[in-house]
Structure formats: C-alpha cells, structure tokens
Amino acid sequence: MGLKITVERSTSPKQKPDTSNLVFGKHFTDHMFIMDYDAGQGWHDPRIIPYQPISLDPAAKVFHYGQTVFEGMKAYKTPGGPVLLFRPFKNLQRLNRSNTRLSIPSIDEDLAMEALKQLIKIDEDWIPTDEGTSLYIRPFVISTQATLGVSPSEQYSFMIILSPVGSYYAEGINPVSIFVESEYVRAVAGGVGNAKTGGNYAAGLKAQEEASGKGYSQVLWLDGVHRKYIEEVGSMNVFFKIDGKVVTPALNGSILDGVTRDSVIQVLKHWNIEVEERKLSIDELVEAYRKGTLEEAFGTGTAAVISPIGELNWQGDKMTLNEGRTGPLSEKVYEFMTGLQKGVVEDPFGWVVKL
Ligand SMILES: *Cc1c(COP(=O)(O)O)cnc(C)c1O
C-alpha cells in the first residue's frame, strides 16, 4: 500500500440532524477523505480532514468536459451493533472500471478501503440506527487541471463524503409509477452507460422532469438503437416476474452493473427461483401483461434497495401491476436484502463486512 493516511480532526463538530426525519443527501458528517493525483507523481497525500468546501480554478476540466466518476454505497448499524458494509469491494472495483472508461488513473482499492474504514470510524457517531436509516457513502473523482484543452486531465482529486440518510419509504416499501420513455435515451453500448459518471445523470434529467410533470416518479429507459429493449429504470436496474420466472436485462454495455442487481440475482437463485438475464422487449412485456402473466416488477439500487413498480405507462396505455400493490416476491427480496445489510439475517454469501 505504501501511502499513509493522515488525520486532521475537526475542532468544531456540527450539530447532528434529527434521525427520525432525514432527507436523502442533505446532511454531511464532520470529516471527509481527499487524495490528489498529479501526472508523474501519481496519487499522493491521502488525508482525512474536517468536512469543508474545496477550491478549484474556473478552468478545471471537470466543469467543462465532465471527466468525473462516482460511487454510492451504505454503512449500516443497529443499536449497540457493529458497523456493517455491504460488498464494498464490488463498489471499489466498479469505481476503477468507471475510471478506466473515463481515462482517469486507477486508485489502489486497498488504500480506498482503508480510507473508507478510517473515515467511517471517525464519524461513527453519525451513523443513524433507527429502522430503515443508514450512512450513505459517496466516493468520487474529479479532474482538476486548469486548462481548456480537450485531453485527459493531468490532475485529479479523489474524495469520500458521508451522509446520514433515512428510509427511502416512510411506511415500508411502496410501489412507484413509471413512465416508459420513447423519445429520449440514456446511453448506447460503446458510450459511457456502464460507467458511473455524472454525464449519464445530466442526460437523463429532461426525461425525468417531463415524466414527473405527468405524475410519474421515474422513467423506464429503452435501448438507444431500436428503442425497443428494456434497459433500466431511473438510476436502478430492473426486474420483472413473468409467468413464475424472473427476467432482468443482460449487461449489454449500456446499463450499469449494479451491486444490488448482482446480489438479487444470486439471492433468487439461492431460493431456486429461475432468473433469466437476457434481452427483454417492451412488446414482450405488453404481451405478458395482456395475457396476465406479468406478475411483478421492481427496481434495484443502493439507495432504495428494492423499489416495487405499481404502474407502467407505455405510450398512454397504463399497465397496473399486482393491483398497484407491492408484490410478494418484491417484499420478500426487500426484507431479506435489508436484513442482510443490517446484520439481522444470516449471510450465506459472505457479503457483509464488519468494520
Ligand atoms: C448506481 C446505479 C445503479 C444501481 O447500482 P447499485 O450498485 O445497485 O447501487 C443502477 N443504474 C444506474 C444508472 C446507476 O447509476
């Protein structure tokens, strides 16, 4: 590993928010991690410092060309219990896959893991323990070189910030209504759809905004070439239960390889439920709905874990799933996954890492 992480403690700890009513991503803890990169020197000066604004030159490349990547993961704690992370190495490996795609130099995953552990330990008192709450972890990299030439930056900063977050759902899980998007596309294979980078989100906001204006909370993206095959929903991967089997779009270069997606596939297989990773067209979905074999649908992602889908709007036709209620499989997967993450369900997979 070689590099030693230095620590500068905050001398003015902040007031902690009321954990019974946390808004996602609004409050941040007392400390942050930061490490810099310079061509020639490599990554250097890993340090934990008081949470603070950063100063950048207006010409910093990240503002102009969007050379940036991020990750999202969570730390969980029950009252008096240990701090638990869920498959953190998967996130750090994906961070480096995103880095490679965006021409950003790789980060030593063991060093990043050590930084994560030390930072969380220092701000452990910030981890909420109320039902459904957790500490959201946001590692990210920005290109900081101050030149307007279009070329990979020669300077970067890697940072980790922490935010106590509440339950995605105030009263258990509730189905969401989804608008199937036929005008805008999110990504195409060969582009950056399978990297966790800000541009994918910027490109999706317009569709999200229009769907929201029609009363839908997310969009279901179709592929950018045929506008036919299901990709993902908002910032989540998507699963459908059709005629007893579970179908999810195969990783095709334009959708994100979600840690929750991979985990749910393994959990379902562990339960002897058949899972197919393949191309799934909107026509096949409509056909299944008409025949009455489209039983359930849900999105998967770190923030919500499982988000059941109660309605799909495809070109004005509304398809109501499981009478708009959370389906039994969605419920079961949600209970199991969140139980694993909090350490109250036995972990047969070796996914949970104790801090
Ligand atoms: C982060 C993300 C997901 C979910 O990934 P998880 O690792 O399960 O949190 C899905 N789709 C997109 C576009 C994402 O950015």
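Just above sits the structure.
This report concerns the structure included in the present document. Please read these numbers as outputs of a predicted model, since none were measured by experiment.

Re the site of the ligand
Here is step 1 of the chain: Every one of the 14 residues lining the ligand counts as a neighbour, but Lys 196, Tyr 201, Glu 232, Thr 260 and Thr 302 are closest to it.
Here is step 2 of the chain: Separating an oxygen atom of the ligand from a side-chain N or O atom of Arg 94 is a distance of 2.8 Å.
Here is step 3 of the chain: Separating an oxygen atom of the ligand from a backbone N or O atom of Val 259 is a distance of 2.8 Å.
Here is step 4 of the chain: About the coverage of the ligand: the protein hides 97% of its 380 Å² of free accessible area.
Here is step 5 of the chain: Partitioned by chemical class, the residues of the shell around the ligand number four nonpolar, six polar and four charged.

Topic: unusual backbone geometry
Here is step 1 of the chain: Here Ser 103, not a glycine, exhibits a phi torsion of approximately 60 degrees, which is positive.
Here is step 2 of the chain: Relative to the helices and strands, Ser 103 is located in the loop between helix H2 (88-101) and helix H3 (109-122).

Observations regarding the nonpolar core
Here is step 1 of the chain: Phe 33, Ile 120, Ile 137, Phe 158 and Ile 160 are the most contacted members of the largest nonpolar core, which totals 33 residues.
Here is step 2 of the chain: Taken together, the elements giving at least two residues each to this core come down to strand S2 (31-38), strand S3 (42-50), strand S5 (73-76), H2, H3, strand S7 (134-143) and strand S8 (155-165).
Here is step 3 of the chain: The biggest single contributor to this core is H3, with eight residues.
Here is step 4 of the chain: Ignoring anything within four residues of it in the chain, the contact list for Ile 120 reads Ala 75, Val 83, Leu 85, Ile 127, Leu 135, Ile 137, Leu 162 and Leu 355.
Here is step 5 of the chain: Residues Val 180, Val 247, Ile 282 and Val 286 belong to the second largest nonpolar core, which totals 25 residues.

A word on helix H6 (residues 282-291)
Here is step 1 of the chain: Considered for burial, the residues of H6 that qualify are Ile 282, Leu 285, Val 286 and Ala 288. Considered in projection along H6, the buried side chains sweep an arc of 160 degrees and stay on one side of the axis. Those residues of H6 that are exposed and aimed more than 90 degrees away from the buried face are Arg 290 and Lys 291.
Here is step 2 of the chain: Remark: Gly 292 follows H6 within two positions and exhibits a positive phi of approximately 80 degrees.

Brief notes about the pairing of strand S15 (residues 294-301)
Here is step 1 of the chain: S15 sits mainly inside the fold: seven of its eight residues count as buried.
Here is step 2 of the chain: Judged from the six bridges that link them, strand S12 (residues 237-242) and S15 form a sheet pairing that is antiparallel. Counterpart to Phe 240 in the pairing with S15 is Ala 297.
Here is step 3 of the chain: Bridging between S15 and strand S16 (residues 305-314) involves four bridges; their strand directions are antiparallel. The residue bridging Gly 301 from the neighbouring strand is Val 305, located in S16.
Here is step 4 of the chain: Here S15 folds back onto S16, and the loop between the two strands holds three residues.

Quick notes on the rules
Residues numbered from 1 in each chain as written. Predicted model: local features only at pLDDT ≥ 70, side-chain atom pairs only at ≥ 80, totals over all residues. Heavy atoms only, no water. Near = heavy atom within 4 Å. Polar contact = N/O pair within 3.5 Å; in protein donor to acceptor, adjacent residues only side chain to side chain. Areas by Shrake-Rupley, 256 points an atom, 1.4 Å probe, with all protein chains shown as cover. Nonpolar A, V, L, I, M, F, W, Y, C, P; charged D, E, K, R; others polar. Helix = DSSP H or I, 4+ residues; strand = E, 2+ residues; numbered from the N terminus. Core = buried A, V, L, I, M, F, W, Y, C linked by side-chain atoms within 4.5 Å. Buried < 20%, exposed > 50% of the residue type's maximum accessible area, 1.4 Å probe, protein only. Contact = heavy atoms within 4.5 Å. Arc of directions from axis to C-beta. Pairing = 2+ DSSP bridges.

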